[in-house]
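# Analysis of the macromolecular model
Next come the chains, spelled out residue by residue.
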Amino acid sequence: MSENFIKIQHVNFKYKGSDKGLLDDLSLTINKGETMLLTGASGSGKTTIIRLINGLIPHYYQGELEGSVDVAGYDIVKTELYELAGVVGTVFQNPRSQFFSVDTDGEIVFGPENIGMDAGEIRERKQDIVGEMHIEKLMGRSLFELSGGEKQSIACASVAALLPEVILLDEPSSNLDQGAIGNLREVIRRWKEQGKTIIISEHRLWYLKDLVDRVIYMEAGRICHEWSGAEFASMDRDKVRSLQMRPLAVSDMLSSDFAGEDSDIQTQEISDGITLKDFYFSYNKKPYLIRKKRFRENDEGLSLCIPRLTLPKNTVIGVIGHNGTGKSTFLKCVCGLEKDCNGIIEAAGKEYKGKDRLKICYMVMQDVNHQLFTDSVEAEVLLSMEEEDKKRCYQILEGLGILEFKGKHPMALSGGQKQRVAIASAIAADAKLMLFDEPTSGLDFCHMEKVGGLLKSLAAENNTVLVATHDPELIELCCDYVLCIENGRVKYLRQVNGAGEERA
Amino acid sequence: MSAKLDPRTKLYMILIVSAVVMMSATTPLLWVVRIAMTLIPLILLVAEKRYASALRFTILYAIALVLTFCFLSEESTGILQSLLIGYCGIAVQFLPALITAWYVVRTTKIDEFMSAMQRMHVPDGIAISLAVVMRFFPTIKEEYASITDAMRMRGISFGGGRPSKMVEYRMIPLLFSCVNIGDELSAAAITRGLGGKVKRTSVEELRLRVSDWILILGFTAAASVFVIFKYVL
Amino acid sequence: MDKKGLTPKDFISIGIFTAIWFVVEFAFGILGYIHPYIVAAYVVMLPLAGAIPMMLFYTKVEKFGMLTIMSVLIAIIMFVTGMGYLGAPITIASGLIADLIAKSGNYKKFPKTVLSYGVFCLWICANYFPILVTADSYRQDLVDAGYSAEYCDNLFRAINPRTIAVLLIVCFICGCIGAFIGKAAVRKHFEKAGIA
């Protein structure tokens, strides 16, 4: 039984309505208790393999399936999904969309309740899982007030509560910061110790390096390379680079910035630039009878407190800091989306207050779907212009390499293309200060490189780019400066080592 | 007395209160019964430590009552007064139901509610859908907030002055997001066994305690008094 | 879909679209606090505003029960949020009939969908039910309690057993018009984007 625990044989798969096959005669066997990593570019078929094992293909996502899939003695094609619930558990990519309940307790017992377990037994099991994963402090809370990392912990607990033998993780770290990834790693390690069979599809590799027994590298629906855990861990940088994988170690890149060490770094003085003045903001508003309250520097409990900060013009500035330290708040306040924050932006001798800030700033949101409104790429860009100018619109689209999609619906594009459409409308709106909130979450290395190149070219065209990110790789790729935010305050702003020479 | 009530008691409370708000109070006795029935959910809100909403509702209700009884009992005319009467009339009439509903919605967990539905032999499909409705209200709120942010950034909050665009720009991205989230949510729920043939269990214990019976009896009595004194006597 | 009957995914879709419908209804319902006449105008606003999500909903499930369950959910939510239960039978009946009409067109034929949505919208009139049923005693009570005749007249001039027929018809027509608008929006966006 322990050999060939999961057996995928000669599988071809095509989604319904698509003519491109996603898997090409793929065969793969996985032993019981093995921890396996699936990596490779987006669209290489990693997610399809995960969906084959948990039965979502062919039962939920329909398409043409050839070949056989066998998991723990179940023939997936002939097994109903609910029968697999206690056998295979899946942690998905997006922490926001994978919970069913509103409260944390309800979410953990959701699975066991579905399979009709005895109430007393469920309660015991919940106690065990909560203790094991050290999430006592998350109990009894609303899932909507948790951070992404905390939600992902609950998702893991909820999957574990069914005691599956096989656990699948589909890009689980996409929306997590360094600290939360550390927790996730611990969870996976514990599952490994318990002898579970674990399959992880992932772009971020550093946190899994010492955990995995086997690594599969996919390309265009086939297995291209296969390494043992030890081989993988000792792979040299050049080889990793040549396969377009994300780095295996963060230690050699800016890890001090992300670990929050080096507290003695001084903020560099910048003479010519964009100055932010009096940015104060707090989420913990006291309920005053008459609202309209301005925040001041010495208010208590400020989520953002920046009396004065000068940003170097026409550069790419990486905004870093742990989740919940105010990166997103900072971006929202700068571009004027938080109405109660009354900061002033000084750029090129002009002062921008209140709503005027929205005119020179443009934020590309983490979920870019929220900012696409029209039915074609062209209309989307024209919407941002004061006066419609088709020629300029085509120029912008051309520059971003998306002119060919001008008649398409923005929502029909891929994630990266949507991001470009949003950038195009930012350029069309004449924004000089462009803000990006986690533009590379969940991207593979190749796409990340593209985003990095794009940000650099934006800066070269006299835009100032602020990019909040968890990815050290992105900083290395494109940032001239790093702005570290801690507890809503600027910890430091400094030039990225070597950025000056490289570009000279 | 523990503050936690059985969801079925809460539903019964709504049933009675919604019935009573349909019948208007005409005599002082009926007013007393009505106000007493309004006070119970207010007290329950306090017992659940929801002081702010309890206070807000109490003040609102009190103001409406005072205005109705002291200032508006004349044959009042004029736009302001007629509007004021409208508001106070609606407030006095329907606030009891609103307060009860608020109390129930705020203090009942979805899981509890679902197991109450199951006990009352409501089919699983309806219970699942209902749980999704409850889970989706906060999601819609979150998504809508990001969309309006994006609209302000683009300066299209008023759709260029065209109401149809105002609706379109809000509705379309919201629907796209909701459909996506729904797809992922379904996948995650199904892999955790939703929709199996076995009967769902629940860790929420449903038991009618003494406090439940007291309330059920109390509300039944109040409703009976109301009906008897209004229609029979 | 080769399987018959509603799947868990369908139940989840029904839940989602009910939530969206309810939010839309609530957003416009608030306007009713401004003046009683606006309450009467629900029959115009709600069918039109709710049409886009509903037309998308019709393309998403395409199975018998989708509208019936939705109407049951609406009835339950109306009840729990203290808006009375007298309208529940009407709500569920309109949902069931709408479901049957749509089923007769296999959930694909657009004319049937238009009719079905028009009928479905009739549940909005169930909101007026409490006022109708209690109208006589209610009006007398209001006057007894010393309300101005003006407000009562406003309220009852807009909604009474005679106007309700007109309201029902208006509601149905607006539902049908809404279906066309909603379908246009679905074509323009969701079909073009490949999800519908």
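Residues numbered from 1 in each chain as written. Chains lettered and ligands numbered in written order. Predicted model: local features only at pLDDT ≥ 70, side-chain atom pairs only at ≥ 80, totals over all residues.

## Digging into the overall build of chain C
Secondary structure assignment for chain C yields 11 helices and zero strands. Overall, chain C shows an N-to-C arrangement of helices and strands of α-α-α-α-α-α-α-α-α-α-α. Expressed as a percentage of its 196 residues, the buried residues of chain C come to 54%. (Helix = DSSP H or I, 4+ residues; strand = E, 2+ residues; numbered from the N terminus. Buried ≥ 20, exposed ≤ 12 C-beta atoms within 10 Å, placed from the backbone.)

## Topic: the overall build of chain B
Secondary structure assignment for chain B yields eight helices and zero strands. When the helices and strands of chain B are placed in sequence order, the string is α-α-α-α-α-α-α-α. A compact globule built from 233 residues would reach a C-alpha radius of gyration of about 17 Å, whereas chain B, at 23 Å, exceeds it by more than 25%. For the C-alpha atoms alone, the extent of chain B along its principal axes is close to 60 × 55 × 30 Å. Here chain B holds 233 residues, and 43% of them are scored as buried. A fraction of 76% describes how many contacts in chain B between residues 6 or more apart in sequence connect residues 24 or more apart. (Rg over C-alpha atoms; globule rule 2.2 N^0.38 Å. Contact = placed C-beta atoms within 7 Å.)

## Focus: the packing of helix 1 (residues 8-29) of chain C against helix 3 (residues 51-60) of chain C
Residue and element names in this part refer to chain C. Interhelical geometry of helix 1 versus helix 3 gives an angle of 170 degrees and a closest axis separation of 10 Å. If you check the angle between helix 1 and helix 3, you find them roughly antiparallel. For the pair formed by helix 1 and helix 3, the contact residues are Ser 13, Phe 17, Ile 20, Trp 21 and Val 24 on the first element and Pro 53, Met 54, Phe 57 and Lys 60 on the second. (Axes fitted to C-alpha atoms, helices over the stretch in contact; angles between N-to-C directions. Parallel < 35°, antiparallel > 145°, perpendicular 65-115°, else oblique.)

## Topic: the pairing of strand 19 (residues 481-486) of chain A
Residues and elements named next belong to chain A. Along strand 19, five of the six residues are buried, which leaves the element largely enclosed by surrounding structure. Alignment of strand 13 (residues 316-320) against strand 19, held across four bridges, turns out to be parallel. In the sheet register, Val 319 faces strand 19, and the bridge partner there is Leu 483. As judged from the six bridges shared by strand 19 and strand 20 (residues 489-495), these two strands associate in the antiparallel manner. Looking at the pairing, Cys 484 lines up with Tyr 492 of strand 20. Linking strand 19 back to strand 20 in an antiparallel pair, the connection comprises two residues, with Asn 487 at a positive phi of about 50 degrees. (Pairing = 2+ DSSP bridges.)

## Things to note about the interface of chain A and chain B
Each partner contributes residues to the interface: chain A has 46 residues there, and chain B has 39 residues. Contributions of two or more residues to the side of chain A that touches chain B are made by helix 3 (81-84), helix 4 (104-114), helix 5 (119-133), strand 16 (361-364) and helix 13 (377-384) of chain A. The leading source of residues in the side of chain A that touches chain B is helix 4 of chain A, at six residues. Tallied by class, residues from the side of chain A that touches chain B come to 26 nonpolar, 15 polar and five charged. (Nonpolar A, V, L, I, M, F, W, Y, C, P; charged D, E, K, R; others polar.)

## Side note on the domain arrangement of chain B
All names here are of chain B. Per the domain assignment, the segments of chain B are domain 1 (7-109 + 206-232) and domain 2 (113-191). Centre-to-centre, using C-alpha coordinates, domain 1 lies 31 Å away from domain 2. At the interface, five residues of domain 1 touch four residues of domain 2. For the side of domain 1 that touches domain 2, the residue count by class is two nonpolar, one polar and two charged. (Domains from an automatic or database assignment.)

## Remarks on the packing of helix 2 (residues 28-47) of chain B against helix 8 (residues 210-232) of chain B
Residue and element names in this part refer to chain B. At a minimum axis separation of 10 Å, helix 2 and helix 8 run at an interaxial angle of 160 degrees. With respect to helix 8, the element helix 2 is oriented roughly antiparallel. For helix 2 against helix 8, the interelement crossing comes out left-handed. Within the contact between the two elements, helix 2 uses Leu 29, Leu 30, Val 33, Ala 36 and Met 37 and helix 8 uses Ala 222, Val 225, Phe 226, Phe 229 and Lys 230. Partitioning the contact of helix 2 with helix 8 into residue classes produces nine nonpolar, no polar and one charged. (Left-handed = near helix turned anticlockwise from the far one by under 90°.)

## Brief notes about the sheet that holds strand 11 (residues 273-281) of chain A
Residue and element names in this part refer to chain A. Read across the sheet, four strands follow the order 12-11-14-15 without closing on themselves; strand pairing throughout is antiparallel. Edge strands, defined here as strands with exactly one partner in the open sheet, are strand 12 (304-312) and strand 15 (350-352). On average, adjacent strands in this sheet sit at an angle of 10 degrees to one another, irrespective of strand direction. Where strand 11 meets strand 12, eight bridges bridge the pair, whose relative direction is antiparallel. Within the sheet, the bridge partner assigned to Leu 276 lies in strand 12 and is Leu 309. Along the sheet, helix 11 (residues 327-334) contacts strand 11 and strand 12; its crossing angle with strand 11, the most-contacted strand, is approximately 110 degrees.

## Quick notes on helix 8 of chain B
Residues and elements named next belong to chain B. With 23 residues, helix 8 ought to run about 33 Å at 1.5 Å a step, and its terminal C-alpha atoms sit 31 Å apart, in line with that. Buried within helix 8 are the following residues: Leu 215, Phe 219 and Phe 226. On its buried face, helix 8 sits against helix 1 (7-22) and helix 2. (Expected span 1.5 Å × (residues − 1).)

## Quick look at the sheet that holds strand 18 (residues 464-468) of chain A
Residue and element names in this part refer to chain A. Strand order in the open sheet made by the six strands is 16-17-18-13-19-20, with mixed pairing throughout. Taken across any chain shown, the strands that pair with only one partner, and hence form the sheet edges, are strand 16 and strand 20. The mean angle between the axes of side-by-side strands here comes to 20 degrees, regardless of whether they run parallel or antiparallel. Of the pairings in the sheet, the one linking strand 17 (residues 433-437) to strand 18 comprises five bridges and is parallel in character. Note on strand 18: the bridge partner recorded for Met 434 is Val 465. With respect to the sheet, helix 16 (residues 445-460) is in contact with strand 13, strand 17 and strand 18, its orientation differing from that of strand 18 by roughly 150 degrees.

## Focus on unusual backbone geometry
All names here are of chain A. Here the amide bond leading from Ile 57 into Pro 58 is cis, since omega sits at 5 degrees, within 30 degrees of zero. By the element assignment, Pro 58 lies in helix 2 (residues 56-59). At His 10, a residue that is not glycine, the phi angle is positive and equals roughly 45 degrees. For His 10, the location among the structural elements is in strand 1 (residues 6-15). You will see that Asp 25, though not glycine, has its phi angle at about 45 degrees, which is positive. Residue position: Asp 25 is located in strand 2 (residues 23-30).

## Quick look at the nonpolar core
Within the largest apolar cluster, 271 residues are counted, with the highest numbers of intra-cluster contacts made by Ile 53, Leu 304, Leu 435 and Val 465 of chain A together with Leu 73 and Ile 124 of chain C. If one sorts the elements of this core by residue count, helix 7 (residues 163-191) of chain B sits on top with 14 residues. Shared between two domains, this core holds at least three residues of each, these being domain 1 (7-109 + 206-232) and domain 2 (113-191) of chain B. When residues no more than four places from it in sequence are discounted, the contact partners of Leu 304 of chain A are Phe 279, Tyr 280, Phe 281, Gly 326, Thr 329, Phe 330, Cys 333, Cys 341 and Gly 488 of chain A. (Core = buried A, V, L, I, M, F, W, Y, C linked by C-beta atoms within 7 Å.)

## Observations concerning the environment of Ile 57 of chain A
Residues and elements named next belong to chain A. As for its position among the elements, Ile 57 is in helix 2. Here Ile 57 falls in the buried class, since 25 other C-beta atoms lie within 10 Å of it. Here the alpha-carbon distance between Ile 57 and Arg 214, two residues 157 residues apart in the chain, equals 24 Å. Residues in contact with Ile 57, not counting those within four places in the same chain, are Phe 13, Thr 48, Arg 51, Leu 52, Gly 63 and Leu 65.

## Notes on the pairing of strand 16 of chain A
Look at any regular strand and the pattern is simple: side chains alternate between the two faces of the sheet. All names here are of chain A. Residues Cys 361 and Met 363 point to one face of strand 16 and Tyr 362 and Val 364 to the other, with burial holding for every one of them. When strand 16 meets strand 17, the two strands line up parallel, connected through four bridges. Note that in strand 17 the partner of Val 364 across the bridge is Phe 436.

## A closer look at the confidence of the model for chain C
Residues and elements named next belong to chain C. Here chain C averages 81 in pLDDT, and 76% of its residues register 70 or above. At the low end of the mean pLDDT range in chain C sits helix 9 (residues 135-144), at 59; at the high end sits helix 6 (residues 110-120), at 92. Note on the complex model: pTM 0.87, ipTM 0.86. (pLDDT = per-residue confidence, 0-100.)

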